[in-house]
Amino acid sequence: MNRLVRFVILSSTSIILAYLNYLGLEIVGKMSIVICIVSMSPFIIMVLIGIPKVNPHRWFELPDDDVSANTVRWEDSGWLPLVNVWGVLWRPLLNNLFWNLNSFDSGANFSGDTRDPGKNFPRGMFYSVILVVFSYFIPLLIAIGATDNKQSDWVDGYLAVAISEIGGRWLGAWTVFASGISNLALFQAEMSTDALGIMGMAERGMLPKIFATKSPHGTPTYGILLGTLVIVGMSVADFRDIVEMLNFTYAISLLMEYAAFIKLRITRKEVYRPYRVPLNTAGCIAMVIPPCIVTILLMLMASFMTYIYFAVSVLLGIVLRCAHVKRSNSRLDQSECNDQSVEDTGSDDAEDESFVIS
C-alpha cells in the first residue's frame, strides 16, 4: 500500500475513534463489551471444532534451527540482538508477549469512576487477567495441535489461515473481521486510560492545567487531543519499531511502579488502601523480582534506535517539565507580588484615614 494512502487511512480512522472517545466513557464501555463478544466468538467456535482434531505431539515439536533475523525481519542491533536459544528468537517473542499482555496497570486510571473500587476493582482485574491469558493460550494450542504446518509458515496473519483449515474459510474470514474490530476496542481503551492519566497529572500540577479541562461529556478534552496527535504522528513508522519503542517506555514505567510500590509499603504502611496486597514487605519484594528480571531482559534486547528514541523522549519530557515548573513559579511570584501590593495599598489607605480622623 502506498505510504501516503496508508497514512491518510490510519490518521482519519484515529480521528474518528478519538471523537467517539470524546463523547464519553459510557459509549466506550458499551462498545467494548459488544466488540469483545463479536471478536471472541470465532475463537470459541474454532476451539470447539478443533478439539477433536488436536494431536498433542505437535505441541512439543522443537522449532527449526535455521530461524534467523531474515525470518522475522527485525533490526539486528542492540546489546542482545536476536538471541536464538533452542531455535527461538527471544526478542520478537518477548516483545509480542509484552505487547499483548501488558497495560493491566492502566486500569487504575478508571478506579475513580468505579463503584466500590476496593471490592470491584481487584475482582475485575483478576478476571480480566484470566480472560486475556486464556483467550491467547487456548486458541494457539488448538491452532498448533490441529494443523500440520512448519514454524516458517507462522508469519503475520497466519492464525486466520490456520483457523480456515480447522473450521473453513467462513470462520477464517470471521476471524480477520474480529481481529480488526478488536483493535478498535483496544484503541478506545488505550485512548481513555492515557487521556485520564494525563488529566490526573494535570490536576496534581505535573502538567499544565489546560490538560485538566473536561468536555461537556466529562472526558479529558486536551488529553484525547494530545493522544490523537501522537498516534497520527507515529502512524508513519513501522509497526515492529512502534511495538519495541512502546514496550521499552512501558518497561521503564513498570520498574518505577514496582519501586514505588515497595517504597510505599516500607515508608507509608499506615496509609489507607482500598485494596491491600495480602503479603508482607518481604513477600511483596519477592513477588516483583521475577517480572523485574524479565522486564530488564526485554530492555537489553532492544535495538540501539529504540535507546535513541527513549533518550530523546526523556530529554523532551525533562525540558517540558522544567519549562512548566518555571512558568508556574513565575506565576506564583507574580501572584505574591500582587498580594503584597494590595496589602501595602490597604496599609497606606488605613494610615491616611487615621491621619484624617485625628
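To start, this report covers the structure provided alongside it.

Here is what the cut-offs are and how they apply
- Residues numbered from 1 in each chain as written.
- Predicted model: local features only at pLDDT ≥ 70, side-chain atom pairs only at ≥ 80, totals over all residues.
- Heavy atoms only, no water.
- Helix = DSSP H or I, 4+ residues; strand = E, 2+ residues; numbered from the N terminus.
- Buried < 20%, exposed > 50% of the residue type's maximum accessible area, 1.4 Å probe, protein only.
- Contact = heavy atoms within 4.5 Å.
- Areas by Shrake-Rupley, 256 points an atom, 1.4 Å probe, with all protein chains shown as cover.
- Axes fitted to C-alpha atoms, helices over the stretch in contact; angles between N-to-C directions.
- Parallel < 35°, antiparallel > 145°, perpendicular 65-115°, else oblique.
- Left-handed = near helix turned anticlockwise from the far one by under 90°.
- Nonpolar A, V, L, I, M, F, W, Y, C, P; charged D, E, K, R; others polar.
- Phe/Tyr/Trp six-rings, centres within 6.5 Å; stacked < 30°, edge-to-face > 60°.
- Core = buried A, V, L, I, M, F, W, Y, C linked by side-chain atoms within 4.5 Å.
- Salt bridge = Lys/Arg side-chain N within 4 Å of Asp/Glu carboxyl O.

## Concerning the overall build of the protein chain
Along the protein chain, the regular secondary structure elements total eleven helices and two strands. From first element to last, N terminus to C terminus, the protein chain shows the α and β order α-α-α-β-β-α-α-α-α-α-α-α-α. For the protein chain, buried positions account for 26% of its 358 residues. Put simply, 70% of the contacts in the protein chain that link residues at least 6 apart link residues at least 24 apart. For the protein chain, the accessible surface area stands at approximately 22,900 Å², while carbon and sulfur atoms represent 68% of it.

## Some points on the packing of helix α4 (residues 90–101) against helix α10 (residues 281–300)
Interhelical geometry of α4 versus α10 gives an angle of 125° and a closest axis separation of 10 Å. Compared by their axis directions, α4 and α10 come out oblique. Seen from above, α4 lies across α10 with left-handed handedness. Residues Leu 94, Asn 95 and Phe 98 of α4 form the contact with α10, whose participating residues are Thr 295, Leu 297 and Leu 298. For the contact of α4 with α10, the class distribution of residues is four nonpolar, two polar and no charged.

## As for the packing of aromatic side chains
A complete count under the given rule lists six aromatic pairs for this structure. Judged by centre distance (5.7 Å) and plane angle (65°), the ring pair of Phe 98 and Tyr 250 falls under edge-to-face. Taken together, the positions of Phe 98 in helix α4 and Tyr 250 in helix α9 (residues 239–267) put the pair 152 residues apart, joining distant regions of the chain. By relative accessible area, Phe 98 is classed as buried at 13%.

## Some words on the packing of helix α6 (residues 158–167) against helix α7 (residues 169–203)
The relative placement of two packed helices is expressed as an angle between their axes plus a distance between the axes. Viewed as axis vectors pointing N to C, α6 and α7 meet at an angle of 150°, and their least axial separation amounts to 6 Å. Viewed along their axes, α6 and α7 adopt a mutual orientation that is roughly antiparallel. Once α6 is placed against α7, the crossing between them reads as right-handed. Residues Ala 160, Ile 163, Ser 164 and Gly 167 of α6 pack against Arg 169, Trp 170, Leu 171, Gly 172, Thr 175 and Val 176 of α7.

## Observations regarding the nonpolar core
Grouped together as the largest cluster of nonpolar side chains are ten residues: Leu 94, Phe 98, Phe 248, Tyr 250, Ala 251, Leu 254, Leu 298, Met 299, Met 301 and Ala 302. Only α4, α9 and α10 provide two or more residues apiece to this core. By residue number, the principal contributor to this core is α9, which donates four residues. Dropping the residues within four chain positions of it, Ala 251 is found in contact with Phe 98, Thr 295 and Met 299. Residues Ile 142, Ala 146, Ile 166 and Leu 171 belong to the second largest nonpolar core, which totals eight residues.

## A look at the pattern of salt bridges
A complete count under the given rule lists one salt bridge for this structure. Between Arg 268 and Glu 270 there is a salt bridge whose closest N-O contact spans 3.7 Å. The exposure class of Glu 270 is exposed, given its relative accessible area of 62%.

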